[in-house]
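If you want the building blocks of each chain, they are given just below.
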Amino acid sequence: MDNEKKIGILTSGGDAPGMNAAIRAVVRAAVNNDIKVLGIRHGYEGLLKADILEMNAKSVSEIMQLGGTILKTARCAEMMTAEGQERAANIYKILGLDALFVIGGDGSLTGGLKLSRLGVDIIGIPGTIDLDLDCTDYTIGFDTAVNTGMDAMNKIRDTSSSHERVSVVQVMGRNCGYIALWCGATAGAEEMLMPENGPADIDGLIRTILENRAKGKDHNLIIVAEGSGDAIAIAKAIEDATGIESRATILGYLQRGGSPTAVDRMHASAMGYEAVMAFLRGERNRVVVYKAGAYMTMDLEEGMACKRPFNRDMYRMAKTLSV
Ligand code: ADP
Ligand code: F6P
């Protein structure tokens, strides 16, 4: 067929559980509508090298339950330059693509936005554990990461309580505190340090711990987002100031892996499907978003310009319920 449509798909930035479910959804929705799909390996790095494989319904068999991304991912410095973006746009044209589907976070979709200004037709799908894309209420991977963090905190609480210690647990989130907030709220942490609350107030934290002790709390669980400080240094500062034994745990990449939860598989499937439906409706340079319980798309430029205030009510709620 001469007029057969052809799309490319890549995953970029930090991997997130559910990215495979999103790849599966895009590939199956596309091939079932007679659209040819080229998988691009290693994100924008692979686009610049035209590192591609043709995909069909079978290529995405049995991947929904897998963490990570079968297409691999990368951070690509060349894409940050105007020359790199020009080169990527040229390769897109040489490949004869009708659209490039980008699954990734804020950085990856910003890269997509830059390409869209050079004539590349982008369809973005939010995939990041951080929940840091302000245009959407959900990003693929968040639920799995939070469940991993919550589960770890439940276990840390057992030992923290037995030894009557302070436990400082560092979770991911360089610029965004939603993982810390949700892990803290769902594991009953006594305090959550998040970038959105400004520089970590260690003196205030120490006062809170001493007040909690005075109220009969013999152990305290503190969460710190990686962007708000170093758990080891914070635990030492607490122990030095209070004399209470304090221990640090850094959850690190544990939170990025694992089989996606049902919530992530559902969002990923629905977002991937909606992305292809939008393409079939003739939409271009759009980002799929989940808003008020529905999947839809919005203009990519507008989506990337969205600013959502941090949910302070949720923080206040978690704090109030913790003691
Ligand atoms: P995430 O998509 O998870 O936020 P990054 O911020 O690391 O991850 O971005 C992933 C990749 O997207 C970068 O390595 C780069 O190739 C591309 N990218 C990020 N920001 C930009 C930008 N401002 N302009 C062009 N490309 C970008
Ligand atoms: O964007 C996801 C994320 O896991 C962030 O929470 C974290 O700050 C960052 O990626 C870590 O990136 P890297 O894989 O480069 O260490």
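Everything in this summary refers to the structure shown in the same document. (Residues numbered from 1 in each chain as written. Chains lettered and ligands numbered in written order. Predicted model: local features only at pLDDT ≥ 70, side-chain atom pairs only at ≥ 80, totals over all residues. Heavy atoms only, no water.)

Regarding the pairing of strand S11 (residues 294-299)
Now for step 1: In this sheet, S11 lies alongside strand S10 (residues 286-291) in antiparallel orientation, the contact comprising six bridges. Pairing of Val287 across the sheet is with Met298, part of S11.
Now for step 2: Here S10 folds back onto S11 in antiparallel fashion, the turn holding two residues, of which Ala292 has a positive phi close to 45°. (Pairing = 2+ DSSP bridges. Helix = DSSP H or I, 4+ residues; strand = E, 2+ residues; numbered from the N terminus.)

Focus: the sheet that holds S11
Now for step 1: With mixed pairing, seven strands are arranged side by side in an open sheet as S3-S2-S1-S4-S5-S10-S11. At either end of the open sheet lies a strand with only one pairing partner, and these are strand S3 (52-55) and S11. Within this sheet the neighbouring strands show an average axis-to-axis angle of 25°, counted without direction. (Axes fitted to C-alpha atoms, helices over the stretch in contact; angles between N-to-C directions.)

Re helix H7 (residues 202-214)
Now for step 1: With 13 residues, H7 should cover 18 Å at 1.5 Å per step; its first-to-last C-alpha distance of 18 Å lies within 8% of that length.
Now for step 2: For H7, every residue scored as buried is listed here: Gly204, Leu205, Ile206, Thr208, Ile209 and Asn212.
Now for step 3: For H7, the N-terminal cap is Asp201; the gap from its side-chain oxygen to the backbone nitrogen of Asp203 is 3.4 Å.
Now for step 4: Just downstream of H7 lies Gly216, where phi reads positive at about 100°. (Expected span 1.5 Å × (residues − 1). Buried < 20%, exposed > 50% of the residue type's maximum accessible area, 1.4 Å probe, protein only. Polar contact = N/O pair within 3.5 Å; in protein donor to acceptor, adjacent residues only side chain to side chain.)

Topic: the site of ligand 2
Now for step 1: Residues in close proximity to ligand 2 include Arg75, Thr128, Ile129, Asp130, Met172, Gly173, Arg174, Glu226, Tyr253 and Arg256, which together make up its full environment.
Now for step 2: Take Gly173: an N or O atom from its main chain is 3.3 Å from an oxygen atom of ligand 2.
Now for step 3: Arg256 is positioned with one of its side-chain polar atoms (N or O) 2.8 Å from an oxygen atom of ligand 2.
Now for step 4: For ligand 2, the accessible surface in isolation is 400 Å², of which the surrounding protein chains cover 80%.
Now for step 5: When each cavity is represented as a set of grid points, ligand 2 is found to reside in the largest pocket. (Near = heavy atom within 4 Å. Areas by Shrake-Rupley, 256 points an atom, 1.4 Å probe, with all protein chains shown as cover. 1 Å grid on protein atoms, 1.4 Å probe; cavity = no way out; pocket = protein on both sides within 12 Å on 5 of 7 lines; lining within 4 Å. Sits in = over half its atoms within 2 Å of the grid points.)

Brief notes about the nonpolar core
Now for step 1: Of all hydrophobic cores here, the largest spans 59 residues; its most connected members are Ile7, Ile9, Ile23, Phe101 and Ile125.
Now for step 2: Here this core takes eight residues from helix H1 (residues 19-31), the largest share from any one element.
Now for step 3: Not counting the four nearest positions on each side in its chain, Ile9 is found in contact with Ile23, Val26, Val37, Leu38, Gly39, Ile40, Met55, Leu71, Leu100, Phe101 and Ile103.
Now for step 4: Counting 28 residues, the second largest nonpolar core, distinct from the first, contains Ala88, Leu95, Leu97 and Val289. (Core = buried A, V, L, I, M, F, W, Y, C linked by side-chain atoms within 4.5 Å. Contact = heavy atoms within 4.5 Å.)

Some words on the packing of H1 against helix H9 (residues 262-280)
Now for step 1: Put simply, H1 and H9 touch, their axes get as near as 7 Å, and they point 35° apart. Pair H1 / H9 crosses with right-handed handedness. Residue-level contacts link Ala21, Ala22, Arg24, Ala25, Val26, Ala29 and Ala30 of H1 to Arg265, Ala268, Ser269, Gly272, Tyr273, Val276 and Met277 of H9.
Now for step 2: When its residues are assigned to classes, the contact of H1 with H9 shows ten nonpolar, two polar and two charged. (Left-handed = near helix turned anticlockwise from the far one by under 90°. Nonpolar A, V, L, I, M, F, W, Y, C, P; charged D, E, K, R; others polar.)

Structural notes on the site of ligand 1
Now for step 1: Around ligand 1 sit 16 residues, and of these Arg75, Cys76, Gly105, Gly107 and Ser108 come closest.
Now for step 2: The contact in question runs from an oxygen atom of ligand 1 to an N or O atom on the backbone of Gly107, over 3.0 Å.
Now for step 3: In this structure, ligand 1 is accommodated by the largest pocket.
Now for step 4: In terms of residues, the shell around ligand 1 owes the most to one element, helix H4 (residues 106-116), which gives six residues.
Now for step 5: Looking at the shell around ligand 1, its residues break down into four nonpolar, nine polar and three charged.

Details of the pattern of salt bridges
Where charged atoms from two side chains of opposite charge approach closely, those side chains can pair.
Now for step 1: Evaluated as defined, the whole model comprises 17 salt bridges.
Now for step 2: In this structure, the salt-bridge partner of Asp151 is Lys155, at a minimum N-O distance of 3.2 Å. Taken together, the residues Asp151 and Lys155, both in helix H5 (residues 142-163) and four residues apart, mark about one turn of the helix.
Now for step 3: A salt bridge links Arg281 to Glu274, with the shortest nitrogen-to-oxygen separation between them at 2.8 Å.
Now for step 4: Arg281 gets classed as partly exposed once you look at its relative accessible area, which sits at 48%.
Now for step 5: Overlapping salt bridges bring together Glu274, Arg281, Glu283 and Arg286 as one network. (Salt bridge = Lys/Arg side-chain N within 4 Å of Asp/Glu carboxyl O.)

Looking at the pairing of strand S6 (residues 166-171)
Regular strands show a simple pattern: their side chains alternate between the two faces of the sheet.
Now for step 1: Burial analysis of S6 places six of its six residues in the buried class, the great majority of the element.
Now for step 2: Alternating positions in S6 separate into two faces, Val166, Val168 and Gln170 on one and Ser167, Val169 and Val171 on the other, with burial throughout.
Now for step 3: Sheet topology note: the S6/strand S8 (residues 220-225) ladder contains six bridges and is parallel. Its bridge partner being in S8, Val169 is matched across the sheet by Ile223.
Now for step 4: Across five bridges, the pairing between S6 and strand S9 (residues 246-250) is parallel. What sits directly across from Val169, in S9, is Thr249.

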